[in-house]
Amino acid sequence: MERLTADERLTLKTGAFGAVFLVSNAEAGMFAMIRESMAASGALADGGDVVKEALSVGPLPQLPRDSALEIEAVVLPALTRAVAILREKSPEEVEAYRSVVLTAAGRVADAHRGVAPAEAAVIDRIRAALDGPA
């Protein structure tokens, strides 16, 4: 296992936190967002040592806030790149990262009145990004 650089950790964090943000923003509502954020926090703390460190050390990612399309344009490639980074440096952590991201996204979607169609569509795009080019 090779240690991740600060930029690589930020890529993993951008993908994971960004995925949660995308799902949370798929359905409007301030109270729902608070409940969803709490639901995601536990899932993001799980995972292997490399994933845990990447998601808990360093600054939070700076995500665009203007539109869902701009956020997706940053987050989805970050997820694909995060998997590629882990595949190269810590292959045993790839599934842990995928699991953490999808679990957090699922918990966010389910936290307020179950998974809405818009949230399910976002989760499908997240899954596709995590399964991106091999």
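Note that the structure is predicted; figures quoted are calculated from it, not measured.

Peer 1: Can you lay out the overall build of the chain for me, pointing to particular residues and giving the numbers?
Peer 2: Within the chain one finds 6 helices and 0 strands. Reading the chain from its N end, one meets helices and strands in the order α-α-α-α-α-α. The proportion of buried residues among the 134 residues of the chain is 44%. Contacts in the chain between residues far apart in sequence, at least 24 positions, make up 82% of those at least 6 positions apart. When the accessible surface of the chain is totalled, it reaches about 7,000 Å², and 58% of it is carbon and sulfur.

Peer 1: Would you mind going over the nonpolar core in detail, with residue names and values included?
Peer 2: Core analysis: the largest hydrophobic core is formed by 34 residues, its most contacted members being L12, V23, L79, L86, Y97, V101 and I126. Of all the secondary-structure elements, those providing two or more residues to this core are α1 (6–26), α3 (49–56), α4 (68–89), α5 (94–110) and α6 (117–130). If we ignore the near neighbours within four places in the chain, the residues touching Y97 are T11, L12, G15, A16, V51, L79, A82, V83, L86 and L130.

Peer 1: Just give me the short version of the packing of α1 against α3, but keep the residues and values in it.
Peer 2: Contact geometry for α1 and α3: axes closest at 8 Å, N-to-C directions at 80 degrees. Relative to α3, the element α1 lies roughly perpendicular. Contacts from R9, L12, K13, A16 and F17 in α1 reach E53, A54, L55 and S56 in α3. Within the contact of α1 with α3, the residues separate by chemical class into 5 nonpolar, 1 polar and 3 charged.

Peer 1: Summarise the side chain of K89; cite the residues concerned and give the values.
Peer 2: Relative to the elements of secondary structure, K89 occurs in helix α4. For K89, a relative accessible area of 8% puts it in the buried group. From its side chain, K89 meets the backbone oxygen of R3 in a polar contact 3.4 Å long.

Peer 1: Go over α6, please, and point to the residues and values.
Peer 2: The end-to-end C-alpha separation of α6 is 20 Å, in line with the 20 Å expected for 14 residues at 1.5 Å each. Among the residues of α6, E119, V122, I123, I126, A129 and L130 are the ones counted as buried. Projected down its long axis, α6 carries its buried residues within an arc of 115 degrees, all on one side.

Parameters at a glance
Residues numbered from 1 in each chain as written. Predicted model: local features only at pLDDT ≥ 70, side-chain atom pairs only at ≥ 80, totals over all residues. Heavy atoms only, no water. Helix = DSSP H or I, 4+ residues; strand = E, 2+ residues; numbered from the N terminus. Buried < 20%, exposed > 50% of the residue type's maximum accessible area, 1.4 Å probe, protein only. Contact = heavy atoms within 4.5 Å. Areas by Shrake-Rupley, 256 points an atom, 1.4 Å probe, with all protein chains shown as cover. Core = buried A, V, L, I, M, F, W, Y, C linked by side-chain atoms within 4.5 Å. Axes fitted to C-alpha atoms, helices over the stretch in contact; angles between N-to-C directions. Parallel < 35°, antiparallel > 145°, perpendicular 65-115°, else oblique. Nonpolar A, V, L, I, M, F, W, Y, C, P; charged D, E, K, R; others polar. Polar contact = N/O pair within 3.5 Å; in protein donor to acceptor, adjacent residues only side chain to side chain. Expected span 1.5 Å × (residues − 1). Arc of directions from axis to C-beta.

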